[in-house]
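Working through the structure, step by step
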Amino acid sequence: MAKGFIIVISIILIIQIISICSFIRFCPVAKAGKVTKFYWKYKLLFGKEPNTIICDGEKINVSSYEELYVHGNSMIDYDIHNGQKVFVSVFDNQEKQSIEGYPVLAFHIYNMKCQSPYKLRKFVGYIDDINARNWVDLYHRYRERIKINETQFVSDLNKKNVNDLNLAERYILSETYEDDSNVYRYSLHPVSSLYAKVMYVV
């Protein structure tokens, strides 16, 4: 009798555990800020991954997009805040070369092991002549989209390690906001490191 009771209780507990686990998922994390800040690769979330979301009062099907959990506030100018989720459209190789408009992008961060493998950055423009490293011309080419003065922009890019640049590759100029120091930063990314563009935020 006691043995049968234990078996029944065990079965009930197993069913409850399975039920709870079915509502647990691991959402990939994207860093919105300095890549040196530590954030785990995944965020534990409860509830099934949504097929639809409500955005600006409209029901949107997001089943074809990837979901990322945002850590950091570097994209607050674009209404993306810490703790929100973004749904992104993953680029194919051709789409990486022809970005339209100025979306928020997700880039790969390589060799991060247990840390987040993605970072969010605002697209500013392409750089086809990275070998020239003429930051003054680059500044004036995208002047309307750059939020710091020319001197600071050139100084920041001159600090980049030239040895890290693949001179045979096309690059992207991006913007991020460091909320802890209240400054805007501009970075260079090889097009090959591009992962996706943000479509929706919840």
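Everything here concerns the structure above.
Structure report, in brief. (Residues numbered from 1 in each chain as written. Predicted model: local features only at pLDDT ≥ 70, side-chain atom pairs only at ≥ 80, totals over all residues. Heavy atoms only, no water.)

Concerning the overall build of the protein chain
Where we set the bar: Secondary structure elements follow DSSP: runs of H or I no shorter than four residues count as helices, runs of E no shorter than two count as strands, and numbering proceeds from the N terminus. Any pair of residues with heavy atoms lying within 4.5 Å of one another is described as a contacting pair. Note that accessible areas follow from Shrake-Rupley with a 1.4 Å probe, and for residues the cover is restricted to the protein chains shown.
Scanning the protein chain from N- to C-terminus turns up four helices and 11 strands. Considering only contacts in the protein chain between residues 6 or more positions apart, those separated by 24 or more positions represent 59%. Carbon and sulfur atoms provide 53% of the accessible area of the protein chain, an area that totals close to 11900 Å².

What about the environment of Thr36?
Using the following cut-off: Exposure classes here rest on a 1.4 Å probe applied to the protein chains alone. A residue is buried below 20% of its type maximum, exposed above 50%, and partly exposed in between.
Examined against the element boundaries, Thr36 turns out to sit in the loop between β1 (24-31) and β2 (42-46). Taking relative accessible area as the criterion, Thr36 reaches 68% and is therefore assigned exposed. Along the chain, Thr36 and Gln115 lie 79 residues apart, while their C-alpha atoms are 10.0 Å from each other.

So, helix α4 (residues 150-158)
An α-helix turns once per 3.6 residues; consequently, residues spaced three or four apart project the same way. Put simply, the rule is: The arc under discussion is defined with respect to the helix axis, by the directions toward the C-beta atoms. Here a polar contact is recorded for every N or O atom pair within 3.5 Å, except that within protein the pair must consist of a potential hydrogen donor and a potential acceptor, and residues adjacent in sequence are included only if both atoms are side-chain atoms.
Listed in full, the buried residues belonging to α4 are Phe153, Val154, Asp156 and Leu157. Burial along α4 is one-sided: seen end-on, the buried residues are contained in an arc of 160°. Along α4, the residues that are exposed and aim more than 90 degrees away from the buried face are Thr151 and Asn158. Buried residues along α4 sit against α3 (135-141), β9 (171-178) and β10 (183-190). Where α4 begins, the side chain of Asn149 points an oxygen toward the backbone nitrogen of Thr151, at a separation of 3.2 Å.

Some details on the environment of Thr52
Mapped onto the elements, Thr52 comes out in strand β3 (residues 52-55). In this structure the C-alpha to C-alpha distance between Thr52 and Ser63, which are 11 residues apart in sequence, comes to 6.9 Å. Those residues in contact with Thr52, other than ones at most four positions away along the chain, are Lys59, Ile60, Asn61 and Val62.

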